[in-house]
Amino acid sequence: MCNKWRRPLTAAGVALFWLGVWAVCSHLIGQELLLPTPWLVAASLWRLMGQGDFWIAVGMSLLRVLGGFAAAVVVGVLLAVLTTRFSLVHTVLAPVLHVVRAAPVASFIILAYVWLRAGLLPAFIAFLMVVPLVWENLRQGILHTDTRLLEMARVFRLGRVQRLRYVRLPAVRPYLEAALTTGFGFAWKSGIAAEIICWPDRSIGQNMHNAKAYLETPEVIAWTVVVVVLSVVLEWLLRRLFRRGEVAA
Amino acid sequence: MSVRLEKVSFAYGDTPVCRDVTWQLPDSGVACLWGPSGCGKTTLLRLLAGLERPDSGRIQAPGRVSMVFQEDRLLPWLTALQNVTVVGTEEDTARRWMLSLGLTEGELQSLPDALSGGQQRRVALARALAADSDYLLLDEPFNGLDEDTWRAAIPWIAEYAAHRPVVLVTHVRQQAEALHAALIPLAGVPVSGVLCPAENL
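This write-up is about the structure you can find in this document. As the structure is a prediction and not an experimental result, all values here were calculated from the model.

### Here we look at the overall build of chain B
Item 1. Counting secondary structure elements, chain B contains seven helices and nine strands.
Item 2. Over its C-alpha atoms, taken along the principal directions, chain B stretches across nearly 50 × 35 × 30 Å.
Item 3. Among the 201 residues that make up chain B, the fraction classed as buried is 52%.
Item 4. Carbon and sulfur atoms make up 48% of the accessible area of chain B, which totals about 8,900 Å².
Item 5. Averaging the positions of the 17 positive and the 24 negative side-chain charges in chain B gives two centres separated by 5 Å.

Below is the structure:
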């Protein structure tokens, strides 16, 4: 009983402590514009949640990022398979990977804004952030698959499908899981960043940008809270999905 | 058609391991490759298993091969039983083999990591013996088993060898003797010429 409650109680205590620090700081500063109090932010969040537009913006932002994320997973898997199969493909494509990884997200956002409609941009940026991650992680997974097990499968003449199901997939699974969970966080944050820069209609980013323009600091923080909460919830869902898959397999 | 190497040459990089090796396996019985470590025994098994391609010469290996590798090579994400059925063996057959090799029903349902080294070895042996095959390759199959345990496995291998060829690699003389194996002495690399059983070793 004692152990069961220990962790949630500790977490609540820590959360209260930081809310307290925040409250004290905002009282000391005494300017709503610079650092509003937690309750002002909470009130602002409550008001936002009562509006239909809030839910539409959240839904649309999610949809864009998830779309880009899903496309990135498909393309990343394809690239990982191709570059481990054919070394020439790897030689040709490896520089692209390095460039995408090294360049700052913002420069891609600005550049892509020249080519794409604002509505497509967050999806594209999320896609761009996640492709290298899935590609490289899965590639490592494929390269590190135990050759001794693959030889065993060859000697015992396991078919293509069986080899995939019983040897290849379980071997790369941890790599793919790591890529997807960290990749989702990347996609979400960079997608929102793209929205803030290019303000597509009906998006979290546009709302944040407007709140900032009207000097509505509590609202900016309220939207940030929404982004953080969604990020935590979705990552948790993703992890649960993997765990369920493990039991099924 | 029997299993046969014909003037097979093979090198790992610059190190020749086989030079014009010819070897015909008898249609039944156990042939034991005998010699110091690094004398090409495992390479010969790998050639027979189709895991290496000869640089020249021909390998005639009709039918399906089954093998116990030097390591267990069990799939860590499948239970012991699934490790035996995954190569195409019926569950009933797999279970029978595993129980005859001294595994318990509880061990059959365990993941390999939860089993001792000796138990994992028995799973690997069961996988090879139960698989539908025409010849069997055993690379130090009793590694990590105490004498009572490997002696218990001898009759099953002998039964297999009654009408199919078995190639055994071992360092333990008694294991070869228990299987009435024909000893084929290998002096060192490169292995060359025609391999045949020694009259008296």
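And the narrative resumes.
### Points about the overall build of chain A
Item 1. Across its full length, chain A holds ten helices and zero strands.
Item 2. In chain A, the succession of helices and strands from N to C terminus is α-α-α-α-α-α-α-α-α-α.
Item 3. The principal-axis extent of the C-alpha atoms belonging to chain A is close to 75 × 60 × 30 Å.
Item 4. In chain A, which comprises 249 residues, the share counted as buried stands at 39%.
Item 5. The long-range fraction of contacts in chain A, counting pairs at least 24 apart against all pairs at least 6 apart in sequence, stands at 71%.
Item 6. When the accessible surface of chain A is split by element, carbon and sulfur atoms take 69% of a total near 14,900 Å².
Item 7. Computed over 24 positive and 12 negative side-chain charges, the inter-centroid distance for chain A is 12 Å.

### Points about the environment of A:Glu136
Residues and elements named next belong to chain A.
Item 1. In this fold, Glu136 is placed in helix 6 (residues 121–143).
Item 2. For Glu136, a relative accessible area of 16% gives the class buried.
Item 3. A C-alpha to C-alpha distance of 8.1 Å links Glu136 and Gly76, two positions 60 residues apart in sequence.

### Topic: the pattern of salt bridges
Side chains carrying opposite charge are able to pair once their charged atoms draw close together.
Item 1. Summed over all chains, the structure comprises 18 salt bridges over all chains.
Item 2. With its nearest N and O atoms 3.4 Å apart, the salt bridge here joins B:Asp132 to B:Arg64. Linking B:Asp132 in the loop between helix 5 (117–130) and strand 6 (135–139) with B:Arg64 in the loop between strand 4 (56–60) and strand 5 (65–68), this pair joins segments that are 68 residues apart in sequence.
Item 3. By relative accessible area, which is 35% here, B:Arg64 ends up partly exposed.
Item 4. The salt bridge partner of B:Arg173 is B:Glu177, with a shortest N-O separation of 3.6 Å. Residue B:Arg173 and its partner B:Glu177 are both found in helix 7 (residues 173–178); the two are separated by four residues, about one turn of the helix.
Item 5. Through salt bridges with shared partners, a single ionic network connects A:Glu151, B:Arg46, B:Glu52, B:Glu71 and B:Arg73.

### As for the packing of helix 8 (residues 160–198) of chain A against helix 9 (residues 204–213) of chain A
Residues and elements named next belong to chain A.
Item 1. Following both chains from N to C, one finds helix 8 and helix 9 inclined at 50 degrees, their axes separated by 7 Å at the closest point. The angle between helix 8 and helix 9 places the two elements in the oblique class. Our pair here, helix 8 against helix 9, has a crossing hand that is right-handed. Only Ile204, Gly205, Gln206, Met208 and His209 of helix 9 make contact with helix 8, whose side of the interface consists of Trp188, Ile192, Glu195 and Ile196.
Item 2. Residue composition of the contact of helix 8 with helix 9, grouped by class: five nonpolar, three polar and one charged.

### Here's the deal with the sheet that holds strand 9 (residues 191–194) of chain B
Residue and element names in this part refer to chain B.
Item 1. Read from one edge of the open sheet, four strands run 4-1-2-9, paired in mixed fashion. If you trace the sheet from one side to the other, it starts and ends with strand 4 and strand 9, each paired once. If you compare each strand with its neighbour and ignore which way they point, the axes differ by 25 degrees on average.

### Some thoughts on the interface of chain A and chain B
Item 1. At the junction of the two partners, chain A supplies 14 residues and chain B supplies 22 residues.
Item 2. Considering only the surface of chain A that becomes buried against chain B, A:Met152, A:Val155 and A:Phe156 emerge as the three largest contributors, covering 38% of it.
Item 3. Across the contact surface, chain A and chain B share two salt bridges.
Item 4. The salt bridge partner of B:Arg46 is A:Glu151, with a shortest N-O separation of 2.6 Å.
Item 5. At the junction of chain A with chain B, the criterion picks out six residue pairs in polar contact (both at pLDDT 80 or more).
Item 6. Listing elements by their share of the side of chain A that touches chain B, those giving two or more residues are helix 7 (147–155) and helix 8 of chain A.
Item 7. The greatest single-element share of the side of chain A that touches chain B, amounting to six residues, is contributed by helix 7 of chain A.
Item 8. Classifying every residue of the side of chain A that touches chain B gives nine nonpolar, one polar and four charged.

Conventions and cut-offs
- Residues numbered from 1 in each chain as written.
- Chains lettered and ligands numbered in written order.
- Predicted model: local features only at pLDDT ≥ 70, side-chain atom pairs only at ≥ 80, totals over all residues.
- Heavy atoms only, no water.
- Helix = DSSP H or I, 4+ residues; strand = E, 2+ residues; numbered from the N terminus.
- Buried < 20%, exposed > 50% of the residue type's maximum accessible area, 1.4 Å probe, protein only.
- Areas by Shrake-Rupley, 256 points an atom, 1.4 Å probe, with all protein chains shown as cover.
- Lys, Arg positive; Asp, Glu negative; His and termini not counted.
- Charge placed at Lys NZ, Arg CZ, Asp CG, Glu CD.
- Contact = heavy atoms within 4.5 Å.
- Salt bridge = Lys/Arg side-chain N within 4 Å of Asp/Glu carboxyl O.
- Axes fitted to C-alpha atoms, helices over the stretch in contact; angles between N-to-C directions.
- Parallel < 35°, antiparallel > 145°, perpendicular 65-115°, else oblique.
- Left-handed = near helix turned anticlockwise from the far one by under 90°.
- Nonpolar A, V, L, I, M, F, W, Y, C, P; charged D, E, K, R; others polar.
- Pairing = 2+ DSSP bridges.
- Buried area = accessible area lost by both parts, 1.4 Å probe.
- Polar contact = N/O pair within 3.5 Å; in protein donor to acceptor, adjacent residues only side chain to side chain.

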